[in-house]
Amino acid sequence: MDAEARLAGLGIALPETAAPTAMYVPAVRSGNLLFISGQLPSEGDALLTGLCGAERSLDEAVQGARRCAVNLLAAAKGQLGSLDRVRRVVKLQAFVASAPGFTSQHLVANGASELLCAVFGESGRHARTAVAVPCLPLNATVEIEAILEVE
Amino acid sequence: MDAEARLAGLGIALPETAAPTAMYVPAVRSGNLLFISGQLPSEGDALLTGLCGAERSLDEAVQGARRCAVNLLAAAKGQLGSLDRVRRVVKLQAFVASAPGFTSQHLVANGASELLCAVFGESGRHARTAVAVPCLPLNATVEIEAILEVE
Amino acid sequence: MDAEARLAGLGIALPETAAPTAMYVPAVRSGNLLFISGQLPSEGDALLTGLCGAERSLDEAVQGARRCAVNLLAAAKGQLGSLDRVRRVVKLQAFVASAPGFTSQHLVANGASELLCAVFGESGRHARTAVAVPCLPLNATVEIEAILEVE
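Sequence order as written defines the numbering, with residues in each chain counted from 1. Lettering for chains starts from A, numbering for ligands starts from 1, and both go in the order in which the items are written. This being a predicted model, a pLDDT of at least 70 is required before a residue's local features are given, and a value of 80 or more before pairs of side-chain atoms are given or counted; all residues contribute to the totals for chains, interfaces and linings.

Copies are brought into register by a least-squares superposition over C-alpha atoms of residues with pLDDT of at least 70 in both. Each copy of the sequence occupies a distinct position, and chain A is placed on chain B by a rotation of 120° and an axial shift of 0.0 Å, giving an RMSD of 0.0 Å. Taken together, the turn and the small shift mark the pair as related by a three-fold rotation axis. Considering only C-alpha atoms, the residue of chain A closest to the rotation axis is Val-133 of chain A, which sits at 3.2 Å. Residues are scored as being in contact if the C-beta atoms we place from backbone atoms lie within 7 Å. Comparing interface residues between copies, only 7% of those in chain A also sit at the interface in chain B, which points to a heterologous contact through distinct surfaces.

In structure tokens form, the structure reads like this:
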């Protein structure tokens, strides 16, 4: 798979993964599964904050979900060395900080799903769950975790 | 295992699984684990909507959870060809759209757990997490995802 | 690994795991992965209840998360016989019942992460997701589920 080449073709540079804390880490591998910690829509020092359907529009939240996916890729690359070692995106779970009555969490999650399919092609298609939450750590707009199958 | 026979004995006909989108799919297999996307309480064109403890009673939500389980089975069958290839229900995660103060998410989830045990017997007993969420995609009342062990 | 010895050194006695219901169980093993049901901050008959940021302070919630981790260990031991058979803590998912505007779910989850690292050392470091929920079963303050890799 030429995931690295596709990522470059999209003009996306992955950030350094956040320094692991003493207690938890960006990703843990067990057998052929890589479990990636929930990623926030951060880019450098900036973090997308606020509730969808109130402070944040659907479009902003979709872009936030895409940014979560970039950070998932960064976490995976930090563990694997290269995204070309990813065999399959197995599952995403998306938590969308939502104002009452906002019921388009699935559309927000599409921002992440689309990027992963652009990078991994057919192997990027995954099982998925998207739900609302009343808030998230640091007031983030969206948080997404993933399970990948790796070589 | 005679899961297919038990399902027929319960008088349950599985729906066709929803046509996969370009981006995500009803279920992904990795090794002996089948990860099934979060399922809503839909039946044909109808979807159970509204918050437990407000628009929806506990009994209605329990029936909704049971319907989510039927849709989980349909997704599994779509992947496996036959439910008789299921070795074990490993885990359920239930998200219940809840009005403030509604704290019986575990009782809602029982609607799904009971059906899976009726279909798979002892192999249907699973690990489980049930939590409240403030809302769900399309205003659904409950969403449930699952991990199965398969042949 | 001397997890059992470390646990004893911390002065922690594990409770008996709750009697399984007819439908779901404290933990299910599949291959080398042990999936543990969401655990509440219960100790004997007592349960920590109420929302973080309202009825419960951050410190109380952190202690609640630690208690969830004790109950996760009890569930694991009930399945494995000994915690020395745990190879790695793979993933935690923490759901924190939160009042509007409370955005420190990650700090609450640290209460569980710290205990697991104290018991398992380097093997206790895990992938993690922490989110808010509007409420939880039985009005619990926090619920945490886990995936472990086992011998």
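So, about the sheet that holds strand β1 (residues 27-30) of chain A. Residues and elements named next belong to chain A. Whether two strands pair comes down to DSSP finding at least two bridges between them. In DSSP terms, a helix is any run of H or I states spanning at least four residues, a strand is any run of E spanning at least two, and both are numbered starting from the N terminus. The strand order across the open sheet built from five strands is β1-β2-β7-β5-β6, with neighbouring strands paired in mixed fashion. Among the strands making up the open sheet, the edge pair consists of β1 and β6 (127-133). Averaged over neighbouring strand pairs, the angle between their axes works out to 15° when direction is ignored. Note that strand β2 (residues 33-39) and strand β7 (residues 142-150) share five bridges and pair antiparallel. When the bridges of β7 are listed, Gln-39 appears paired with Ile-144. Angles run from 0 to 180 degrees between N-to-C directions of axes, and those axes are lines fitted to C-alpha atoms, restricted for helices to the stretch in contact. The sheet contacts of helix α2 (residues 58-80) involve β1, β2, β5 (86-97) and β7, and relative to β7 the element is tilted by about 40°.

Before going further, it helps to examine the pairing of β7 of chain A. Residues and elements named next belong to chain A. Of all nine residues that make up β7, eight are buried, and the element is covered over most of its length. In this sheet, β7 lies alongside β5 in antiparallel orientation, the contact comprising nine bridges. When the bridges of β7 are listed, Phe-95 appears paired with Glu-143. Here a residue counts as buried when 20 or more other C-beta atoms fall within 10 Å of its C-beta, as exposed when 12 or fewer do, and as partly exposed in between; the C-beta atoms come from the backbone.

Only buried Ala, Val, Leu, Ile, Met, Phe, Trp, Tyr and Cys residues enter a nonpolar core, and they are joined through C-beta atoms within 7 Å. Judged by nonpolar contacts, the single largest core of 168 residues is most densely connected at Val-133 of chain A, Val-133 of chain B together with Val-133 of chain C. Excluding residues that lie within four positions of it along the chain, Val-133 of chain B makes contacts with Val-131, Ala-132 and Val-133 of chain A, Phe-95, Val-96, Ala-97 and Ser-98 of chain B together with Val-133 of chain C.

Before going further, it helps to spend a moment on the packing of α2 of chain A against helix α3 (residues 105-120) of chain A. Each pair of packed helices gets described by two things: the angle between the helix axes and the distance between those axes. Residues and elements named next belong to chain A. Packing of α2 against α3 brings their axes to within 7 Å, and their N-to-C directions diverge by 40°. With respect to each other, α2 and α3 are oriented oblique. As α2 runs across α3, the sense of the crossing is right-handed. Where α2 approaches α3, its residues Leu-58, Ala-61, Val-62, Gln-63, Ala-65, Arg-66, Cys-68, Ala-69, Val-70 and Leu-73 are matched on the opposing element by Leu-107, Val-108, Ala-109, Asn-110, Gly-111, Ala-112, Leu-115, Leu-116 and Val-119. Tallied by class, the residues present in the contact of α2 with α3 amount to 15 nonpolar, three polar and one charged. In what follows, roughly perpendicular refers to angles from 65 to 115 degrees, roughly parallel to angles under 35, roughly antiparallel to angles over 145, and oblique to any angle outside these ranges. It is the rotation of the near helix from the far one that decides the hand of a crossing: anticlockwise by less than a right angle makes it left-handed, clockwise makes it right-handed. Classes in brief: Ala, Val, Leu, Ile, Met, Phe, Trp, Tyr, Cys and Pro nonpolar; Asp, Glu, Lys and Arg charged; the others, Gly included, polar.

At the interface, 28 residues of chain A touch 22 residues of chain B. For the side of chain A that touches chain B, the secondary structure elements donating two or more residues are β5, α3 and β6 of chain A. Looking at the side of chain A that touches chain B residue by residue, the class counts come to 11 nonpolar, 11 polar and six charged.

Before going further, it helps to examine unusual backbone geometry. Residues other than glycine seldom take positive phi values, yet Asn-139 of chain B does so here, at roughly 65°. The topology assignment puts Asn-139 of chain B in the loop between β6 (127-133) and β7 (142-150).

It is worth spelling out the environment of Phe-102 of chain B at this point. For Phe-102 of chain B, the position within the fold is in the loop between β5 (86-97) and α3 (105-120). When the 21 C-beta atoms within 10 Å are taken as the criterion, Phe-102 of chain B is described as buried. In this structure, the C-alpha to C-alpha distance between Phe-102 of chain B and Arg-56 of chain B, residues 46 residues apart in sequence, is 11 Å. Ignoring any residue separated from it by four or fewer positions in sequence, one finds Phe-102 of chain B in contact with Cys-52, Gly-53 and Ala-132 of chain B together with Cys-135 of chain C.

Worth remembering: the numbers are spatial, not functional.
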